[in-house]
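Architecture at a glance
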Protein chains: 2
Amino acid sequence: MKRIAIDMDEVIADSHGSLLRIYESEFGKRILPEEVQGRSWEELVGEDHAAHIRRYPSREGFFRALEPIADSQQVLKALMEHYEVFIVSAATEFPLSPNEKLAWLAEYFPFISWRNVVLCGDKSIIAADYLIDDHLKNLRTFTGTPLLFSAPHNLRVTGYERLHSWQDVAARFL
Amino acid sequence: MKRIAIDMDEVIADSHGSLLRIYESEFGKRILPEEVQGRSWEELVGEDHAAHIRRYPSREGFFRALEPIADSQQVLKALMEHYEVFIVSAATEFPLSPNEKLAWLAEYFPFISWRNVVLCGDKSIIAADYLIDDHLKNLRTFTGTPLLFSAPHNLRVTGYERLHSWQDVAARFL
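Residues numbered from 1 in each chain as written. Chains lettered and ligands numbered in written order. Predicted model: local features only at pLDDT ≥ 70, side-chain atom pairs only at ≥ 80, totals over all residues. Heavy atoms only, no water.

Chain A goes by 5'(3')-deoxyribonucleotidase in an unreviewed UniProt entry, where it is assigned to Catalinimonas alkaloidigena. UniProt, in the comment section headed Sequence similarities (unreviewed entry), describes chain A in these words: "Belongs to the 5'(3')-deoxyribonucleotidase family." (UniProt positions renumbered as here; feature names shortened; annotations may be inferred.)

Right under this line is the structure:
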């Protein structure tokens with residue numbers, strides 16, 4: 001059985017959406033996902049506000065409150081019938097996040113065993129056939145087939161096979 | 001640079017010692033580490049008490065209170081000058097443990113970056129040149145060189161290169 005490693009933030013958990021909601025609630029400015037289009041926080045809101053936004057993930061409760069990405073639950077469950085699926089999340093940078101991420105997975109992806117969850121930092125230690133991730137830094141060092149999952153911040157990136165949505169994931173693998 | 005993956009419990013963190021201390025404090029029976037000698041909890045204390053002991057790691061605070069294994073801090077720090085060192089711990093089975101493990105590492109191994117910490121379940125996903133671990137189930141599926149670190153529960157195990165202590169680790173790698 002081939003093994004697929006799947007990132008959490010921006011792939012199954014909508015962290016970007018939460019950042020926009022918190023920013024709007026604190027500064028009263030609404031940024032639409034369409035406005036982001038590969039632009040950095042600095043380009044969107046200026047350096048001071050960008051520094052604020054970059055600290056939101058360090059807050060207690062941030063990762064527990066995320067919404068699942070559209071169709072991720074159904075498609076991931078279907079993948080598990082044909083592939084060995086691992087969730088691989090860069091979590092150790094935020095020391096409060098691992099327990100929240102496990103509780104979040106238990107709520108939204110209860111069919112994934114604890115055996116198949118990896119909370120790490122540098123993903124070059126991951127051995128799998130495929131990696132679905134929104135960050136180039138993770139895809140670059142991967143020894144299997146890297147697949148770029150579309151997120152507002154990576155829409156200008158080229159050079160990788162891109163999956164625009166979980167419907168795309170289903171079409172690629174099922 | 002070759003990569004060494006190093007387990008936490010029974011390799012750098014003395015979880016067995018804590019289990020014995022909690023058991024003694026609750027049941028008034030002292031078991032010496034020398035008595036264990038590869039025997040299961042069931043053989044040592046009977047089925048009922050063994051079931052109690054197996055639940056201790058699910059308690060809040062268990063993993064935060066462990067003592068480091070002798071010489072692990074100094075030798076691991078020295079290893080980092082010649083190898084890429086990753087801490088790889090089976091933590092996701094105990095949903096309260098990941099944050100405690102990160103806090104524990106920050107206290108006793110502050111020289112290890114969050115980038116080099118992996119909290120996982122099934123370690124067959126780990127890509128490294130060496131794995132130092134006390135559990136056969138982790139060593140069996142490892143694709144690099146497996147090294148069995150001596151712990152009270154594995155003293156009867158044969159068929160693997162064995163490291164009895166962190167002095168042995170130093171002699172093997174430095």
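So, on to the overall build of chain A. The number of helices and strands found in chain A is eight helices and six strands. Listing every helix and strand of chain A by position from the N terminus yields β-α-α-α-α-α-β-α-β-β-α-β-β-α. For chain A, the C-alpha radius of gyration of 16 Å lies close to 16 Å, the compact-globule estimate for 174 residues. In terms of overall dimensions, chain A has C-alpha extents of about 50 × 35 × 30 Å along its principal axes. Here chain A holds 174 residues, and the buried ones make up 51% of them. Sequence separation of at least 24 residues holds for 66% of the intrachain contacts in chain A that already meet a minimum separation of 6. Counting only carbon and sulfur atoms, one obtains 49% of the accessible surface of chain A, whose full area is about 8,000 Å². Side-chain charges of chain A comprise 19 positive and 26 negative groups, with the mean position of each set lying 2 Å from the other. (Helix = DSSP H or I, 4+ residues; strand = E, 2+ residues; numbered from the N terminus. Rg over C-alpha atoms; globule rule 2.2 N^0.38 Å. Buried < 20%, exposed > 50% of the residue type's maximum accessible area, 1.4 Å probe, protein only. Contact = heavy atoms within 4.5 Å. Areas by Shrake-Rupley, 256 points an atom, 1.4 Å probe, with all protein chains shown as cover. Lys, Arg positive; Asp, Glu negative; His and termini not counted. Charge placed at Lys NZ, Arg CZ, Asp CG, Glu CD.)

With the rule as written, the count across this model stands at zero disulfides over all chains. The cysteine C120(A) is free of any disulfide, with C120(B) supplying the nearest cysteine sulfur at 9.2 Å. A residue is classified by how much of its surface remains accessible, and C120(B), at 0% relative accessible area, is buried. (Disulfide = S-S within 2.5 Å.)

What follows concerns the nonpolar core. Within the largest apolar cluster, 92 residues are counted, with the highest numbers of intra-cluster contacts made by I6(A), I12(A), W166(A), I6(B), I12(B) and W166(B). The leading source of residues in this core is helix α3 (residues 41-55) of chain B, at five residues. In this structure, W166(A) is in contact with I6(A), V11(A), I12(A), I69(A), A70(A), D71(A), S72(A), V75(A), L76(A), L79(A) and F149(A), ignoring residues within four places of it in sequence. Grouped together as the second largest cluster of nonpolar side chains are 24 residues, V118(A), V88(B), I125(B) and L131(B) included. (Core = buried A, V, L, I, M, F, W, Y, C linked by side-chain atoms within 4.5 Å.)

Below, the discussion takes up the pattern of salt bridges. Residue and element names in this part refer to chain A. Taken as a whole and assessed by the stated rule, the structure comprises 18 salt bridges over all chains. The closest approach of N and O atoms between D7 and K123, which form a salt bridge, is 2.9 Å. Of this pair, D7 sits in the loop between β1 (3-6) and α1 (15-27) while K123 sits in the loop between β3 (117-120) and β4 (130-133), placing them 116 residues apart in sequence. For the pair formed by D7 and K123, the shared burial category is buried. (Salt bridge = Lys/Arg side-chain N within 4 Å of Asp/Glu carboxyl O.)

A few words on the domain arrangement of chain A. All names here are of chain A. Split into domains, chain A comes out as domain 1 (3-14 + 66-173) and domain 2 (15-63). Inter-centroid distance (C-alpha atoms) of domain 1 to domain 2 is 21 Å. On the domain 2 side, the residues contacting the 16 residues of domain 1 number 15 residues. Carbon and sulfur atoms make up 56% of the area that domain 1 and domain 2 hide from each other, which totals about 1,500 Å². Taken as a group, L66, E100 and P152 account for 35% of the area that domain 1 buries against domain 2, more than any other trio of residues on that side. Put simply, domain 1 and domain 2 have zero salt bridges between them. Where domain 1 touches domain 2, the interface holds eleven residue pairs in polar contact (both at pLDDT 80 or more). (Domains from an automatic or database assignment. Buried area = accessible area lost by both parts, 1.4 Å probe. Polar contact = N/O pair within 3.5 Å; in protein donor to acceptor, adjacent residues only side chain to side chain.)

As a further point, take the packing of aromatic side chains. Applying the stated criterion to the full structure yields 18 aromatic pairs over all chains. Between W104(A) and F109(A) the ring centres are 5.7 Å apart and the planes differ by 35°, which places this aromatic pair in the tilted class. F109(A) carries the same exposure label as W104(A), and that label is buried. Look at F63(B) and F94(B): their rings are 5.8 Å apart centre to centre, the planes differ by 45°, and that puts the pair in the tilted class. One end of the pair, F63(B), is in the loop between α3 and α4 (72-79); the other, F94(B), is in the loop between β2 (84-90) and α5 (97-108), and 31 residues separate them in sequence. Classification of F63(B) by relative accessible area gives buried; the value is 5%. (Phe/Tyr/Trp six-rings, centres within 6.5 Å; stacked < 30°, edge-to-face > 60°.)

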